[in-house]
Amino acid sequence: MRPLGAPGHAVVPDSVVPCAPVGDVSVQEQIDRLHDMPPDLLLKDLEQAFRPPAAHWRAAADRWLPAHWRLAADRPDRWLRGYAGALADVWAVAEPLWSRARPLLDREVARVGVASVRGGADALLGSLAGRLVRDENGLVIEGVAAGVHELGDRSLVLVPMLAGKDALIVGLDDPEAVWIAYPVPAAGRLWRTDTDDLSELVGPVRAELLRTLDRPMTMTMLAGGMNIPPSSLTFHCDRLVAARLIARERRGREVWIDRTPRAGALLELCLR
């Protein structure tokens, strides 16, 4: 991971994100692409990212390639496999956090959609990060890829991240779209451990149940995932149904349970 975190260097090759986030792409798909990527493609991307246009075509890589990328360039196949493995390890830890963030992400999708429909896209961009402005000349960025960048006919894709408030990643090279990854508002609340407002409101078992229901589940799936007796699970579900926080739906022989919009709003409130 050292090449990605070197102080003072904001540029990384496109190979780091093999599937540009201009559509829904799973983490596993990104990892699989890294495993299958030809090493020569990484070398080509490094050259495109760092080699100065005026450099002689025979100039050795150590004359233009930043020091923190040289080990990766020496063994590109090894670096790609190692990076893919590191991403898999990180995702194994981060996936539950991402699931807990669904109310925040849903709220952000709605906020961006309303701003786009009502013609407030420029104001919306200004609210994403202090270093980002869109004016008549194009996209103005300070700090990361600093300068003015023309969008042309390309789409602008916004990618909310679970990250610190100053995080910003910009993809400018895709011929179809420019993408901007920015921290979703209130993301910092997700990793606070000093309080648990939801548990204080509905109790720890029902709080865990609501968080577990990041997608519709049957009673059997819930009981297995939470490791509590079915009789206790039924009792807690009855209380949550009475509070209009979950809903039951019979499909054939199975009863499916899902969070209601009311529960989504409660989870969002407790993450602020």
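Model confidence for the chain is summarised by a mean pLDDT of 83, while 86% of its residues fall at 70 or above. No element of the chain has a lower mean pLDDT than strand β3 (residues 147-149), which averages 65, and none a higher one than helix α1 (residues 27-36), which averages 93.

Despite not being glycine, Arg 244 has its phi angle at roughly 60 degrees, a positive value. Within the secondary structure, Arg 244 is located in the loop between α10 (230-242) and β8 (246-251).

All right, on to the sheet that holds strand β6 (residues 177-183) then. Here we have three strands laid out as an open sheet, ordered β4-β6-β5, and mixed in their pairing. Each end of this open sheet is capped by a strand with a single partner; those strands are β4 (155-161) and β5 (169-171). Strand-to-strand twist in this sheet, taken as the mean axis angle between neighbours without regard to direction, amounts to 15 degrees. Pairing between β5 and β6: three bridges, direction antiparallel. In the sheet register, Ile 169 faces β6, and the bridge partner there is Ala 181.

Spatially, three strands are ordered β7-β9-β8 in an open sheet, and the strand pairing comes out antiparallel. Sheet topology places β7 (217-218) and β8 at the edges, where each strand pairs with a single neighbour. Set on the sheet, α10 makes contact with β8 and β9 (254-259); between it and β8 the angle comes to about 115 degrees.

The full count for this structure, using the stated rule, is two aromatic pairs. Considering the side-chain rings of Trp 79 and Tyr 83, the 4.9 Å spacing of their centres and the 15 degrees angle between planes classify their relative orientation as stacked. Of this pair, Trp 79 and Tyr 83 both sit in helix α4 (residues 76-100), four residues apart, which is roughly one turn of the helix. Here Trp 79 falls in the buried class, since its relative accessible area comes to 14%. On the basis of relative accessible area, Tyr 83 is assigned to the buried category, the value being 8%. Among the aromatic residues, those joined into a ring-pair cluster are Trp 69, Trp 79 and Tyr 83.

Thresholds applied
Residues numbered from 1 in each chain as written. Predicted model: local features only at pLDDT ≥ 70, side-chain atom pairs only at ≥ 80, totals over all residues. Heavy atoms only, no water. pLDDT = per-residue confidence, 0-100. Helix = DSSP H or I, 4+ residues; strand = E, 2+ residues; numbered from the N terminus. Pairing = 2+ DSSP bridges. Axes fitted to C-alpha atoms, helices over the stretch in contact; angles between N-to-C directions. Contact = heavy atoms within 4.5 Å. Phe/Tyr/Trp six-rings, centres within 6.5 Å; stacked < 30°, edge-to-face > 60°. Buried < 20%, exposed > 50% of the residue type's maximum accessible area, 1.4 Å probe, protein only.

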